[in-house]
Amino acid sequence: MKITKYTISYFFFWLFLSLILYMSGIIKLFETIISLIIYSIFFYFIYYLWKSFRKKEKKWFDEYLKIFIYKATIFIYVMFFIVWWFAYYNNEISPAMMPEYTITNWDKIVVFQSMSHIAKQNFYNEVEKNIQKFKSNSWVYFYEWVKPWTKESSEKFDEALWINFTPDLYKHMSRLYWVTFQDNNRFLWLVNNLDFNVDLDLDQIIKIYEEKKINKKNKKDAENKQIINASEEILNKLNLLKDKELEVLIYINQAILNLVIKNDKEAKELLKDFWNQDLFSVILDERNDNLSKEIMSSKYSKIYITYWLLHFEWVFELLKKQDSNWKIVKTNYLYPIK
């Protein structure tokens, strides 16, 4: 039998269907085949109309089906290669690095460890070791963690964010990335008790947010926005996936997370557009201001800090406004998703 491009495409087409069966089971295979049949009929209809309009000779459906399978197979494998290369590049060749900045004004020295709230276990292990090392040498520990809040503030926060921000949200999100969530308790009371929460509490965040809305006379309410129970939505999606499907999704999600971390400035702008901008301003800007004040007013001269990556640049700028002597003297890196 003569081997043609169509024969080769049949082989790769059936290989693709076999992969669907292996990963997702017989039901998903039938759904895929039915979808392809529907698409082939739809495109044949478009093809038939186009040829009729141009008064050209038309192929019968069985002949057209060969061409459809050939082109569909090329499209499937091109998309597969693009997604695979994107995931492989960001996970294996160029994973994100989480910087540890050492800054000083020659009076105080601060080590700012950028954090991701979901990461691989070894990332948090390294951070824990570093906290122990620095505190053993007479450093104190400043950490980010929104303090306890009232039920009223929590409800207002959910309404402003349009997401039901449950305590388990990071825990459930971590399952989508095959990573663990940040458990701040593991970083506390290491070596000594010189640990200081330098964050705002949610009551303060909501108070500042509401003042901003009043001052700007911005009374765009969110009653038309449906509050999403993100934790429940994630669990529902996870329950629909088979183990092999979840493995593929996790690998792609890790690549996306690496890409986002590597482009933190762009991520901030994107979040600004997506989120409630007044609330976003409080979550980032007001907390930046609070952290810079805590550093400057602290009686301690050697401070180790763990805080979200997006905060460092702006905290550093605020410190320099108060004292131009602040400089970055060293930068180390850890890999959160590797």
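What you see is a predicted model; the values in this text were computed from it and never measured.

Asker: Please explain the side chain of His 311 as it appears in this structure.
Answerer: With respect to the helices, strands and loops of the structure, His 311 is situated in the loop between strand 7 (302-308) and helix 12 (312-322). With sequence-adjacent residues up to four places away left out, His 311 is seen in contact with Phe 112, Glu 144, Ile 283, Leu 284, Arg 287 and Asn 288.

Asker: Help me understand a nonpolar patch on the surface in this model?
Answerer: On the surface, Ile 74, Phe 75, Val 78, Met 79, Phe 80, Phe 81, Ile 82, Trp 84, Trp 85, Tyr 88, Tyr 89 and Ile 93 cluster together into a nonpolar patch covering about 1200 Å² of accessible area. Summarising the element assignment, Phe 81 is placed in helix 3 (residues 61-93).

Asker: Where do I start with the environment of Ile 252 in this structure?
Answerer: Locating Ile 252 in the fold gives a position in helix 9 (residues 243-262). Residue classification places Ile 252 among the partly exposed residues on the basis of a relative accessible area of 24%. Sequence separation between Ile 252 and Leu 176 is 76 residues; the distance between their C-alpha atoms is 9.8 Å.

Asker: Would you explain the environment of Trp 139 in this entry?
Answerer: Tracing the sequence through the fold places Trp 139 in the loop between helix 4 (121-135) and strand 4 (140-143). It is 8.1 Å that separates the C-alpha atoms of Trp 139 and Tyr 300, two residues lying 161 residues apart in sequence. Not counting residues up to four positions away in its chain, the partners in contact with Trp 139 are Ile 109, Val 110, Val 111, Phe 134, Lys 302, Ile 303 and Tyr 304.

Asker: Is there a simple way to think about unusual backbone geometry in this case?
Answerer: When glycine is set aside, most residues are seen to have a negative phi, and most peptide bonds are trans. Positive phi is not limited to glycine here, since Lys 55 has a value of about 55°. Mapped onto the secondary structure, Lys 55 falls in the loop between helix 2 (26-53) and helix 3. Owing to a relative accessible area of 75%, Lys 55 belongs among the exposed residues under this scheme.

Asker: What's the story with the environment of Asn 192 in this structure? I'm lost.
Answerer: As for its position among the elements, Asn 192 is in the loop between strand 5 (180-181) and strand 6 (195-197). Here the alpha-carbon distance between Asn 192 and Lys 135, two residues 57 residues apart in the chain, equals 7.4 Å. Among the polar contacts made by the side chain of Asn 192, one reaches the main-chain amide nitrogen of Leu 194 at a distance of 2.9 Å.

Asker: Would you explain the pairing of strand 7 in this entry?
Answerer: Two faces belong to every sheet, and in a regular strand the side chains alternate between them. The buried fraction of strand 7 is high, at five of seven residues. One ladder, built from four bridges, connects strand 4 with strand 7; its direction is parallel. Along strand 7, the bridge assignment pairs Val 140 with Ile 303.

Asker: Help me out: how do you make sense of the packing of helix 1 (residues 5-24) against helix 2 in this one?
Answerer: For any two helices packed against each other, one specifies the crossing angle of their axes together with the interaxial distance. Helix 2 packs onto helix 1 with a crossing angle of 145° between their chain directions and a minimal axis gap of 7 Å. Relative to helix 2, helix 1 is oriented so that their crossing is right-handed. For the pair helix 1 and helix 2, contact is made by Phe 13, Phe 16, Leu 17, Ile 20, Leu 21 and Ser 24 and by Ile 26, Lys 28, Leu 29, Thr 32, Ile 33 and Leu 36, respectively. The residue makeup of the contact of helix 1 with helix 2, split by class, is nine nonpolar, two polar and one charged.

Asker: Would you explain helix 3 in this entry?
Answerer: Owing to its 3.6 residues per turn, the α-helix aligns residues three or four sequence positions apart on the same side. Look at helix 3: 45 Å from first C-alpha to last across 33 residues, which is about the 48 Å you get at 1.5 Å a residue. Restricting attention to buried positions, one finds in helix 3 the residues Tyr 64, Phe 68, Ile 69, Ala 72, Thr 73, Ile 76, Ala 87, Asn 90 and Asn 91. Residues of helix 3 that are buried make contact with helix 1, helix 2 and helix 9.

Procedures and definitions
- Residues numbered from 1 in each chain as written.
- Predicted model: local features only at pLDDT ≥ 70, side-chain atom pairs only at ≥ 80, totals over all residues.
- Heavy atoms only, no water.
- Helix = DSSP H or I, 4+ residues; strand = E, 2+ residues; numbered from the N terminus.
- Contact = heavy atoms within 4.5 Å.
- Patch = residues over 30% accessible without salt bridge, like charges linked within 9 Å, V, L, I, M, F, W, Y side chains within 5 Å.
- Areas by Shrake-Rupley, 256 points an atom, 1.4 Å probe, with all protein chains shown as cover.
- Salt bridge = Lys/Arg side-chain N within 4 Å of Asp/Glu carboxyl O.
- Buried < 20%, exposed > 50% of the residue type's maximum accessible area, 1.4 Å probe, protein only.
- Polar contact = N/O pair within 3.5 Å; in protein donor to acceptor, adjacent residues only side chain to side chain.
- Pairing = 2+ DSSP bridges.
- Axes fitted to C-alpha atoms, helices over the stretch in contact; angles between N-to-C directions.
- Left-handed = near helix turned anticlockwise from the far one by under 90°.
- Nonpolar A, V, L, I, M, F, W, Y, C, P; charged D, E, K, R; others polar.
- Expected span 1.5 Å × (residues − 1).

None of the figures reported here should be taken as evidence of function without further support.
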